[in-house]
Amino acid sequence: MTASILSTREPRSGPGTSEAVRTGTPGFRPDIEGLRAVALLAVLAFHAGVPHLAGGFVGVDVFFVISGYLITGLLLREAVATGRIRLAEFFSRRARRLLPSAALVLTVVALAGVWLTAPLRRTDLEYDVLASALSVANWRFVAQQTDYLAAGRDPSPLLHFWSLAVEEQFYLLWAPLLTLLVLLTHRQLRRGLAIRSTVVTATALATAVSFVLALGWTHREVSLAYLGTPSRVWQFGIGALLALLPWHRLPGPRPLRALVGWAGAALIAWSAVTYTAATPYPGWAALAPTLGTAAVILAGIPGRGEAPHTRPIGPGRLLATAGPRAVGRLSYNLYLWHWPVLVLAEARFGTLGWPVKVALTAGAALPALAAMRWVERPLRRNPVVNELPRRGLSLGLSAIIIPVLLALVVGTGTLRVLGPGTPVDLAGLPPGAATGSSLLLPADAHAATTIVPSAAQARKDFPPDGACEVAPAATSSPPCLFGDTASSDRIVLLGDSHAGQWFSSVLAIAAERHWALEELVKQGCPLPQLTVTNPQLGRTYRECDSWRADSLARLQREPKPKLIVVGSLNRYTEDGRLLAQAWEQTLTPLRALGVPIVYLTDTPIPGQDIPACVSGHTADPGACDFPRSKATWPDPLADAIAAGHEPGIQAVSVNQVLCPGSGPSCPAVLQRILLYRDDAHLTNVAAVVLTPRLERLLVDAGLVPAQGAPSTGSTGAAPQAGWTQLLRDDFQGPAGARPSDQLWQYDTGTCYPGCPAAQWGTGEQETMTDSTANVRLDGQGVLEITPTRQNGQWSSGRLTSKRADFTPPPGGVLRIEASIQLPQVSGPAAAGYWPAFWTLGAGLRDGFTGWPGIGELDVMESVNGAGSVFGTMHCGTAQGGPCQEPQGLGSGEQPCPACQGGFHTYAVEVDFSTSPEQVRWYLDGKEYHRVTAAQMDPATWDKAVHHGLFLILDVAVGGGLPAAFGGSVSPATEPGHPMRVKYVSVATRP
């Protein structure tokens, strides 16, 4: 009686069927064989990408329930009949049944990988073979899929072995556990009842614990939940409970049992059709296919004395027909073969459409049939192998050892071909070009003979920032300061891994200026405030939202940095409007900090495993180039910055080098530098080589001072070595306040005292005032000089230094410098605008006569909102003379289209250390104009520069210079656009 209850087998159809059922003789369940076909076809359709079957992965759940049902019934029948479980015999049967076919597939895949896969991909494959042969493939793939930094690699041809590993681990644990329970209960008088009760209790407990674990992991670690054995045990447990409990005694009409079966079949079909990759799995959603499978199996369990032909027409009748059974018999081998065929075909020929995949899957039935006929069946039925359990176990051990040895041999040979994967010696890299279209300096552009980093090195060529690029589960960044950590000045690197890829570059730029670098970077977390799903967590990325809010709050609490560098993958959404809004939500609190912000536009996205490809094309890396059209996406933020819609934020890009020209493709390797470490991120080597270019872009944008400039960027701080600071104002103070009256004074009205020259001698239209409407601090460390208009009358501000004794020491150098953002206005609205930073000789303060002989150095002038600036020296006589007045000795227009978009550094140096003496003009550290004493007679030069100077900052409206460039003030000229000054510095060097 007990044996009949525990049986997982039904009698075969044919003579003697009724007698077999009546006596409870264990028999064969043809409907379960057909149910295997349902599970297999669902998985095959899912892997082939058949439309409307995106949930076909539930076929694996069906397999798990069937396995739990059959294996538990098999073991318990033996336990009830004999009082013990022969583990050696059990594992011998499993080894003969499963391992030879698996070993054949592993061997073929290991060998095929030599021909069909690139060397770097081959090493991954051989590790997969090892893990699969040892039945731990699921844990290898858990480690890969939970590692964000390992993303972007092609799928493994052995990925499907994860489910086989889960089953094997279940067998290895479940059979010994049942054996132990049997040993503890076999002395009981009612042995059958004792065994069943004990096993049911243990199974129910394990099932409940596993299901709770699956629910928790599904919402925290989706890869662990899906691939991990503990979170799948409950599905085996459901099948085991089907085998353990007396379901045949359940009351109720026979049609109800058939209805339960059809409902179960409907649940499986509904899951396969409606589930997608976005379905949280295997949490609550896994109940549908699991319980559906249990219902189908339950419906096929006969009642006492019930013959199959007397049962209502349930799904078992259909599943027990010849077609489903034939597919079911082939299910194991076809499951083994189909996935390697699909993956290796795509590795060889590229992405394939679903009809081709369906054809390839059907073609995989040929090796599957051959394996079943000539490998599986002969070994299962061989009397010599079956005679003793140890022979079956030896066969299984051989089936493990052979692919393991083959993987070791192939993998070792491949590693020798790839070369060592040791870190790249960064000190030996060729220098990168700071400007131009070449990645490297011209002298080094063709010098390299090998690709750097190698493909093996590229895989591990990450930024050396340790744990500071925080993982998906983190909600805040640890304290991460690099470079000169004692400095009060720092750059903040903020964003996701596409910001983090620039770590080495930004660190080098900060370190050269004796600044610190603070890194706030989180993997896979968009800096714009978007809600996304994290593939590692398998759910809404709540940790990203928490981290972003924490990082922004941290920046508000901390001292203001010198610069915030932001970057983010540009592909979290295709909705440009949504992305622009999300960026604005993040940039608004950043902009409120009053700190310069630079956006590193996203680099090209190859979309393929570049190191793997290059490993197979070292002689012709151009074969790994990728389409430009797919590599670069529209960038709403970069577009908005370029259009002047994002004040205080500038964008810089190196994409013109990473994807040069206008051809259809972008390079994977450029001048022997391997650019990408995966399918989306730059190698650290590429970032290091690009450092001079990024530095030049930041200097040209006025975001960092040029190397060697004396400015320090902090109020009252000492200048760089060798320089003595005479004046430094960073314009700190509350919003609306006046600048320091200890450092500055105002020129007011329309002329100097005594009006020696009306309208300031240049025809300007404004009246200069000391009103905070015209000259004020913005509260964020910036001085604003703003022209205003009221009742048609223009007013503005003219600020001059109180000190007028700025001069070089004997034989030394004087440097005058300011960081300025020009008024953000252009076109007709800018007509007549004339912002300027300049100096006059100290003698002009005594009656303000003697111009231009007393000397004037215009450090920066710009007119009419044009994207250009000027530098000029005025000296000599009012008309003509050695200084060509009234035009002066000017630089001419210097293009600077970004000068309105951000702060740029303007400087002039009066140098008495050279012969002849010189005056030099700099824009962002780059000299663009020079006047020497040799250009005029000694008396003119002496009168122009050999005395003290005072400084002037002003925004004029109208006058001779704007008019000379066609910029007369008109009703269209807009008031209210300030010139913004971040700092002014005066320093000398002996």
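Whatever comes next refers back to the structure up there.
Residues numbered from 1 in each chain as written. Predicted model: local features only at pLDDT ≥ 70, side-chain atom pairs only at ≥ 80, totals over all residues. Heavy atoms only, no water.

1. What to know about the overall build of the protein chain
A count of helices and strands for the protein chain gives 32 helices and 32 strands. For the protein chain, the spread of C-alpha atoms along the three principal axes comes to 130 × 60 × 50 Å. Evaluated residue by residue, the protein chain yields a buried proportion of 56% over its 990 residues. Within the protein chain, contacts between residues at least 6 apart in sequence are counted, and of these 76% link residues at least 24 apart. In the structure as shown, the protein chain presents an accessible area of about 39100 Å², 60% of it carried by carbon and sulfur atoms. If you average the places of the 76 positive and of the 74 negative side-chain charges in the protein chain, the two averages end up 22 Å apart. (Helix = DSSP H or I, 4+ residues; strand = E, 2+ residues; numbered from the N terminus. Buried < 20%, exposed > 50% of the residue type's maximum accessible area, 1.4 Å probe, protein only. Contact = heavy atoms within 4.5 Å. Areas by Shrake-Rupley, 256 points an atom, 1.4 Å probe, with all protein chains shown as cover. Lys, Arg positive; Asp, Glu negative; His and termini not counted. Charge placed at Lys NZ, Arg CZ, Asp CG, Glu CD.)

2. Things to note about a nonpolar patch on the surface
A cluster of nonpolar residues, Leu-397, Ile-401, Leu-405 and Leu-408, forms a patch on the protein surface that exposes about 360 Å² of accessible area. Assignment of secondary structure puts Leu-397 in helix H19 (residues 389-418). On the accessibility criterion, Leu-397 (47% relative accessible area) is partly exposed. (Patch = residues over 30% accessible without salt bridge, like charges linked within 9 Å, V, L, I, M, F, W, Y side chains within 5 Å. Salt bridge = Lys/Arg side-chain N within 4 Å of Asp/Glu carboxyl O.)

3. So, unusual backbone geometry
Glycine aside, residues mostly have negative phi angles, and peptide bonds mostly take the trans form. A cis amide bond links Tyr-281 to the next residue, Pro-282, at an omega of 10 degrees. Looking at the secondary structure, you find Pro-282 in the loop between helix H12 (254-274) and helix H13 (287-299). For the bond from Ser-915 to Pro-916, the omega torsion is 0 degrees, close enough to zero to count as cis. Structurally, Pro-916 can be placed in the loop between strand E28 (904-911) and strand E29 (918-923). At Ser-135, a position not held by glycine, the phi torsion is positive, near 60 degrees. Checked against the element boundaries, Ser-135 lands in the loop between helix H6 (119-133) and helix H7 (137-145). Phi at Phe-731 takes a positive value of approximately 55 degrees, unusual for a residue other than glycine. You can see Phe-731 is positioned in the loop between strand E14 (724-729) and strand E15 (744-746). The class for Phe-731 is buried, based on a relative accessible area of 1%.

4. What about the nonpolar core?
Where a protein is soluble and globular, its nonpolar side chains tend to be buried together. Counting 94 residues, the largest nonpolar core has Leu-75, Phe-161, Trp-162, Leu-178, Tyr-281, Ile-297 and Leu-334 as its most contacted members. Element by element, the count of residues in this core is highest for helix H8 (residues 161-185), at 12 residues. Sequence-distant contacts of Leu-334, that is, excluding residues within four places in its chain, are made with Leu-40, Leu-44, Thr-361, Ala-364, Ala-365 and Ala-368. With 55 residues, the next largest nonpolar core counts Ile-451, Val-506, Leu-563 and Cys-624 among its residues. (Core = buried A, V, L, I, M, F, W, Y, C linked by side-chain atoms within 4.5 Å.)

5. Re the packing of aromatic side chains
This structure, assessed with the given rule, holds 23 aromatic pairs. Relative to Trp-744, the ring of Phe-731 has its centre 6.2 Å away and its plane inclined at 25 degrees; by these criteria the two rings are stacked. Of this pair, Phe-731 sits in the loop between E14 and E15 while Trp-744 sits in strand E15, placing them 13 residues apart in sequence. Of the two residues, Phe-731 and Trp-744, both sit in the buried class. Over the face of the ring belonging to Tyr-171 we find Arg-94, whose NZ or CZ atom lies 4.8 Å from the ring centre. The ring centre of Tyr-226 lies 4.6 Å from the NZ or CZ of Arg-232, which sits over that ring. (Phe/Tyr/Trp six-rings, centres within 6.5 Å; stacked < 30°, edge-to-face > 60°. Lys NZ or Arg CZ within 6 Å of the ring centre and 35° of its normal.)

6. Some details on the pairing of strand E20 (residues 793-796)
As judged from the two bridges shared by strand E16 (residues 767-768) and E20, these two strands associate in the parallel manner. Directly across from Thr-767, in E20, lies its bridge partner Ser-795. Relative to E20, strand E19 (residues 788-790) runs antiparallel, the two being bridged by three bridges. Across the sheet, the residue bridging to Arg-789 is Trp-794, located in E20. As consecutive antiparallel partners, E19 and E20 are separated by two residues, and within that stretch Asn-791 has a phi angle of approximately 55 degrees, a positive value. (Pairing = 2+ DSSP bridges.)

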